[in-house]
Amino acid sequence: MTMAPHPLVVRTQELADRLLAPRAAEVDLAEVPASHIEEIRRSGLLGVSAPQEYGGAGALDPVAREIQEILAGACGSTWFVQTQHHTPVRMLAKSERPVRERLLRPLASGELLAGIAYAHVRAFPRVPVRARAERDGWRFDGTVPWYTGWGLNDVMLLAGVTDSDEIVFAFADAREQPGMRASEPMRLAALTAARTVSLELDGLWLPEESAVLRTPQEKFALLDLPRSTNTSPAVFGVAYAALRVLEDAGEAETARELRGQVDEVRRRAYELADHPVAHERVEERLALKTRSYDLMRAATTAAVVAGGGRTMDVRHPAQRLAREGLFLLVQGQTSPVREAHLDALAQTREPG
């Protein structure tokens, strides 16, 4: 028996078809409009994984992954802004600190939108942002290299490393304030519209009650491992979107063959993502991740080739998807991911 799709998946597809995909080229050349985020807020998508008792949907991971696929395939920039929100929600749901009661409900309901400013802690032992205990709270100093959704987000999840190699995660208002200054929005090869800035921290002070987690760096690295080694649903979303462009160009047979390969890698990658021990089978996860990159690149390249010279128009969907795929190759990249991907590329041989 075929299961009916989850209501949030149906709502996501409707939003993608009605608004996000038709305006994706326009957004790509400008910036994600607040009206897009408002539509996502009203849709309930920001609470997909949040506990029901806090106003969320409490949906299982397969539902959340399918939603992210649809959004990424429809408008990469809008996807990237809203995807930041879900890590703070999940972290709050697992926390027992006071900030949970203050923020989880408004984040789950979509009243507030969260961003993340913690990818830099993966650079350890290099410490771009230092956290120090000060006046019943925490002082943050350093540079957050990347922060997405500036001007759209209400709050941010910020992290810094202490002198004792403990990582402190705390919530701050996502606005300029004493101790925090934002750069001008970055001009990027893809997803410039997502409003990415860098943040200079010079004595930003946050009260202890804003902290959501304190954990040793080694423990965080272990917990963070599946986030970097599992394949992002966005990779499959972009691949499927490119295959639809390929079909529209009259290349149904090529699209069918590639789709079968994407489907199989997607199945295996998600099986591993659901494995009960998240830090096991790392090599297999990385192999599937690099294979998914290969197939995404094949799909976007095929869409470009099938469209010919027309795809060099920056507004053409094949060209935009190819650039978004380029971004996904390095999004959330860690040293093990980079090394595995480069090794796989170096082993590519000519047929003979």
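Presented here is an overview of the structure given in this document. (Residues numbered from 1 in each chain as written. Predicted model: local features only at pLDDT ≥ 70, side-chain atom pairs only at ≥ 80, totals over all residues. Heavy atoms only, no water.)

## A closer look at the overall build of the protein
- Scanning the protein from N- to C-terminus turns up 13 helices and eight strands.
- For a compact globule of 352 residues, the expected C-alpha radius of gyration is about 20 Å, and the protein comes in at 20 Å, within 12% of that figure.
- With the principal axes as the frame, the protein shows a C-alpha extent of 65 × 45 × 45 Å.
- For the protein, with 352 residues in total, the buried portion stands at 53%.
- Of all intrachain contacts in the protein linking residues separated by at least 6 positions in sequence, the fraction that spans at least 24 positions is 71%.
- Here the protein carries 42 positive and 48 negative side-chain charges, and the mean point of each set is 0 Å from the other. (Helix = DSSP H or I, 4+ residues; strand = E, 2+ residues; numbered from the N terminus. Rg over C-alpha atoms; globule rule 2.2 N^0.38 Å. Buried < 20%, exposed > 50% of the residue type's maximum accessible area, 1.4 Å probe, protein only. Contact = heavy atoms within 4.5 Å. Lys, Arg positive; Asp, Glu negative; His and termini not counted. Charge placed at Lys NZ, Arg CZ, Asp CG, Glu CD.)

## Looking at the packing of aromatic side chains
- For the coordinates displayed, the defined rule picks out seven aromatic pairs.
- One cation-aromatic arrangement involves Arg65 over Tyr270; the distance from NZ or CZ to the ring centre is 4.4 Å.
- The ring of Trp205 carries the charged tip of Arg135 above its face, separated from the ring centre by 4.7 Å. (Phe/Tyr/Trp six-rings, centres within 6.5 Å; stacked < 30°, edge-to-face > 60°. Lys NZ or Arg CZ within 6 Å of the ring centre and 35° of its normal.)

## Overview of the pairing of strand E4 (residues 155–161)
- Of all seven residues in E4, seven are buried, a share of seventy percent or more.
- In this structure, strand E1 (residues 114–117) lies alongside E4, joined through four bridges in parallel fashion. Across the sheet, the residue bridging to Ala114 is Val155, located in E4.
- In the sheet, E4 pairs with strand E5 (residues 166–173) via seven bridges, with the strands oriented antiparallel. (Pairing = 2+ DSSP bridges.)

## What about the side chain of Lys289?
- In this structure, Lys289 sits in helix H11 (residues 282–307).
- The buried charged residue Lys289 lacks any salt bridge, with Asp224 as its nearest oppositely charged partner at 9.8 Å.
- Not counting residues up to four positions away in its chain, the partners in contact with Lys289 are Ser228, Thr229, Asn230, Thr231 and Val337. (Salt bridge = Lys/Arg side-chain N within 4 Å of Asp/Glu carboxyl O.)

## Side note on helix H13 (residues 335–346)
- End to end, H13 covers 16 Å across twelve residues, agreeing with the expected 16 Å (1.5 Å per residue, within 8%).
- Considered for burial, the residues of H13 that qualify are Val337, Ala340 and His341. Relative to the axis of H13, the buried residues are bounded by an arc of 95° and lie together on one face. Residues of H13 that are exposed and angled more than 90 degrees away from the buried face: Leu342 and Ala346.
- On its buried face, H13 sits against helix H8 (217–229) and H11. (Expected span 1.5 Å × (residues − 1). Arc of directions from axis to C-beta.)

## Brief notes about the nonpolar core
- In terms of nonpolar packing, the biggest core is built from 63 residues, with Ile67, Trp79, Met296 and Leu328 touching the most fellow members.
- Examining the composition of this core, we find that eleven residues originate from one element, helix H9 (residues 233–248), more than from any other.
- When near neighbours in sequence (up to four residues on either side) are disregarded, Leu328 contacts Trp79, Ala234, Val235, Val238, Tyr293 and Met296.
- The next biggest cluster of nonpolar side chains, apart from the first, holds 24 residues, and it includes Leu104, Leu112, Tyr118 and Leu157. (Core = buried A, V, L, I, M, F, W, Y, C linked by side-chain atoms within 4.5 Å.)

## Some remarks on the side chain of Thr334
- Relative to the elements of secondary structure, Thr334 occurs in the loop between helix H12 (317–328) and H13.
- The exposure class assigned to Thr334 is buried, which follows from its relative accessible area of 12%.
- The residues contacting Thr334, other than those within four sequence positions of it, are Arg122 and Ser228.

As far as function goes, none of this settles anything; it's purely spatial.
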